[in-house]
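Summary of structural features
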Amino acid sequence: MEYYRMQANYRTIFTEMLLAQSAAAGALADVAGRYAQLMGQAYQEALMTLAAEVQPKDGAAGPARPVDVARISGASRPALADLCRGFAGLPRVSMMGFLSRYDNLRGRRAMVRD
């Protein structure tokens, strides 16, 4: 009888490990998607800033006037701060996503009372 009870405990541990790994994979997918979204927004803002500064003259490629690099980087500083804030929030997004998925996978559990 003791052997069966130990086996059930191992089965429970193995099941919990699988649930945790599944939740971790889902959280990784969430964070990867959020990272891709943040990088896409950063690239889009950078390209829009550069496109505003570089205009073709009579069909020729190149800047219509000299490009002031300091002005371009100065214009994107608030966007850079927002990007850094977004990256700083990724660990929190990861943990919250993991806990949410893990809780949903485990389902309703009975309360243990002493």
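Scroll up for the structure.
Residues numbered from 1 in each chain as written. Predicted model: local features only at pLDDT ≥ 70, side-chain atom pairs only at ≥ 80, totals over all residues. Heavy atoms only, no water.

Moving on: the packing of aromatic side chains. Throughout the structure, instances matching the rule amount to two aromatic pairs. Ring plane angle 5° and centroid distance 5.7 Å describe the contact between phenylalanine 98 and tyrosine 102, whose orientation is recorded as stacked. Of this pair, phenylalanine 98 and tyrosine 102 both sit in helix H4 (residues 90-106), four residues apart, roughly one helical turn. The class of tyrosine 102 is buried, set by a relative accessible area of 18%. (Phe/Tyr/Trp six-rings, centres within 6.5 Å; stacked < 30°, edge-to-face > 60°. Helix = DSSP H or I, 4+ residues; strand = E, 2+ residues; numbered from the N terminus. Buried < 20%, exposed > 50% of the residue type's maximum accessible area, 1.4 Å probe, protein only.)

A word on the pattern of salt bridges. Taken as a whole, this structure holds three salt bridges when the rule is applied. Arginine 106 serves as the salt-bridge partner of glutamate 16, at 3.1 Å between the closest nitrogen and oxygen. Of this pair, glutamate 16 sits in helix H1 (residues 2-53) while arginine 106 is found in helix H4, placing the two residues 90 residues apart along the sequence. Under the relative-accessibility criterion, glutamate 16 is labelled partly exposed at 23%. (Salt bridge = Lys/Arg side-chain N within 4 Å of Asp/Glu carboxyl O.)

Read these as layout, nothing more, since geometry by itself doesn't imply function.
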